[in-house]
Amino acid sequence: MGSSACSSRPTIDPSATYIIGAGDIAYCGVKVATEAPAASTAALVAANPSAAVFTLGDNAYDSGTIDEYQNCYGPTWGQFVDRTFPTPGNHEYVTPGADGYFSYFGDRAGPSRRGYYSYDIGTWHFVSLNSNVDAVQGSEQETWLRADLTAHRGQRCILAYWHHPVFSSSSVHGNNPWMADIWRTLSEFGTDVILTGHDHGYERFAPQRADATPDPDHGIREFVVGTGGANLYSFASPQPNSEVRIDTTFGVIRFGLKDGQYDWFFVPVDATAAFDSGQALCHPKP
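The structure reproduced in this document is the subject of the present report. Everything numeric in this text was worked out from a predicted model, so none of it was measured.

Some details on the pattern of salt bridges
Step number 1: According to the stated counting rule, one finds 10 salt bridges in the structure shown.
Step number 2: Of the charged contacts in the structure, one is a salt bridge between Lys 258 and Asp 13, with a shortest N-O distance of 2.6 Å. In this pair, Lys 258 sits in strand β11 (residues 251-258) while Asp 13 sits in the segment before β1 (17-22), placing the two residues 245 residues apart along the sequence.
Step number 3: The partly exposed category is assigned to Lys 258, whose relative accessible area is 28%.
Step number 4: For Asp 181, the salt bridge identified is with Arg 184, shortest N-O distance 2.7 Å. Separated by 3 residues within a single helix, Asp 181 and Arg 184 lie in helix α5 (residues 180-188), roughly one turn from each other.

The following block contains the structure:
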């Protein structure tokens, strides 16, 4: 286990709106779905029946086929499909065109099988992006994102999520620059939080720019939450600005959202395991 926060476990605030989720989820292998780790993280989601659910990709192993979605994801996290806002991972694209993912989630995966879309919850604007397709400046996805954020300039808080982390201290994958231009675009519009998966552990970073320069006033706080049920990875040497690292437990992250602020709680499946919680204000928008 890496460093862990010393913050207290938050209670439910009836005045807040909640979202909950993780990435790297349904890995059944030789086990039936109800005995896989994804069943334990699904129980944490089920304990928050009013929360919207997000996924951070690699939702069904190994290849994101429709059979894996139906037989492994379905009995676990599939019970929340009507309140789930997913994103795809690289394992989804082992199946050509991520057909299993798009067939399973249908309209909930966004339009035209492109894998990116946006929505609002309360006063917050959310953007689900696709780190498996072109994401450089001027690409179709980045151009769409810029137009989407321009159309939502009046909203106080912005949260974006996708699969591959720009920053990660994991010993397996680590930093991935693929979405760095997307990070810069999000930063330009004052985005507050980025969520990713891919590396199978929990990590929280201090607010930073796309070049890893600390920026407590305008930087984006990234969370890596690849703890939905696939085998866990260990950490290597911490990347700059890494504040918390937990690699010994599956779990989910829950956010309590208010106008202009948020709190977070990494909820482990083992109540005695390390956890992380905190709160922050959203940035003033440009």
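Describing the packing of aromatic side chains
Step number 1: Summed over the entire model, instances satisfying the criterion amount to 26 aromatic pairs.
Step number 2: Arranged with centres 5.7 Å apart and planes meeting at 90 degrees, the rings of Trp 124 and Tyr 262 form a pair that is edge-to-face. Within this pair, whereas Trp 124 is found in strand β5 (residues 124-128), its partner Tyr 262 is found in strand β12 (residues 261-268), the two being separated by 138 residues in sequence. An identical accessibility class is assigned to Trp 124 and Tyr 262; each is buried.
Step number 3: When its relative accessible area of 4% is taken as the criterion, Tyr 262 is described as buried.
Step number 4: One aromatic cluster is present, formed by Phe 85, Tyr 117, Tyr 119, Trp 124, Phe 126, Phe 223, Phe 255, Tyr 262 and Trp 264 through successive ring pairs.
Step number 5: Seen from the ring of Phe 85, Arg 108 lies directly overhead, with NZ or CZ sitting 4.8 Å from the centre.

Quick word on α5
Each α-helix turn comprises 3.6 residues. Residues three or four places apart therefore point the same way.
Step number 1: Taken together, the buried positions of α5 are occupied by Ala 180, Ile 182, Trp 183, Thr 185 and Leu 186.
Step number 2: If you follow the buried residues of α5, they end up packed against α4 (140-151), β6 (157-161), β7 (193-196) and β9 (221-225).

Quick word on empty space enclosed by the protein
Step number 1: Going through the model one piece at a time under the given rule, you end up with 2 cavities of 30 Å³ or more.
Step number 2: Put simply, the largest cavity is a space of about 40 Å³.
Step number 3: Ser 168, Ser 170, Asp 199, His 200, Gly 201, Tyr 202, Glu 203, Val 224, Tyr 233, Ser 234 and Phe 235 together form the lining of the largest cavity.
Step number 4: Looking at the lining of the largest cavity residue by residue, the class counts come to 4 nonpolar, 5 polar and 2 charged.
Step number 5: Estimates place the volume of the second largest cavity at around 30 Å³.
Step number 6: Lining the second largest cavity are Leu 149, His 152, Arg 153, Gln 155, Ile 158, Phe 189, Lys 285 and Pro 286.
Step number 7: Residues belonging to the lining of the second largest cavity are distributed by class as follows: 4 nonpolar, 2 polar and 2 charged.

Focus on the nonpolar core
Step number 1: By size, the foremost hydrophobic cluster in this structure holds 58 residues, and its most contacted members are Trp 77 and Phe 255.
Step number 2: Examining the composition of this core, we find that 5 residues originate from one element, β12, more than from any other.
Step number 3: Setting aside anything within four residues of it in sequence, one finds Phe 255 in contact with Thr 17, Tyr 18, Ile 19, Val 193, Leu 195, Phe 223, Tyr 262, Asp 263 and Trp 264.
Step number 4: Counting 22 residues, the second-largest nonpolar core is a separate cluster that includes Ala 135, Trp 144, Leu 145 and Leu 186.

A few points about the layout of surface pockets
One water molecule sets the probe size; rolling that probe over the atoms shows where empty space is left.
Step number 1: Taken as a whole, the largest pocket spans an internal volume of roughly 210 Å³.
Step number 2: Along the wall of the largest pocket there are 15 residues; nearest its centre are Pro 10, Tyr 262, Asp 263, Gly 278 and Gln 279.
Step number 3: At the level of secondary structure, the elements contributing two or more residues to the lining of the largest pocket comprise β11, β12 and β13 (276-281).
Step number 4: The greatest single-element share of the lining of the largest pocket, amounting to 4 residues, is contributed by β12.
Step number 5: Residue classes in the lining of the largest pocket are distributed as 4 nonpolar, 8 polar and 3 charged.

The rules behind the values
- Residues numbered from 1 in each chain as written.
- Predicted model: local features only at pLDDT ≥ 70, side-chain atom pairs only at ≥ 80, totals over all residues.
- Heavy atoms only, no water.
- Salt bridge = Lys/Arg side-chain N within 4 Å of Asp/Glu carboxyl O.
- Helix = DSSP H or I, 4+ residues; strand = E, 2+ residues; numbered from the N terminus.
- Buried < 20%, exposed > 50% of the residue type's maximum accessible area, 1.4 Å probe, protein only.
- Phe/Tyr/Trp six-rings, centres within 6.5 Å; stacked < 30°, edge-to-face > 60°.
- Lys NZ or Arg CZ within 6 Å of the ring centre and 35° of its normal.
- Contact = heavy atoms within 4.5 Å.
- 1 Å grid on protein atoms, 1.4 Å probe; cavity = no way out; pocket = protein on both sides within 12 Å on 5 of 7 lines; lining within 4 Å.
- Points joined across faces, edges and corners; volume = space filled by probe spheres on them.
- Nonpolar A, V, L, I, M, F, W, Y, C, P; charged D, E, K, R; others polar.
- Core = buried A, V, L, I, M, F, W, Y, C linked by side-chain atoms within 4.5 Å.

These results come straight from atomic positions and should not be treated as a statement about function.
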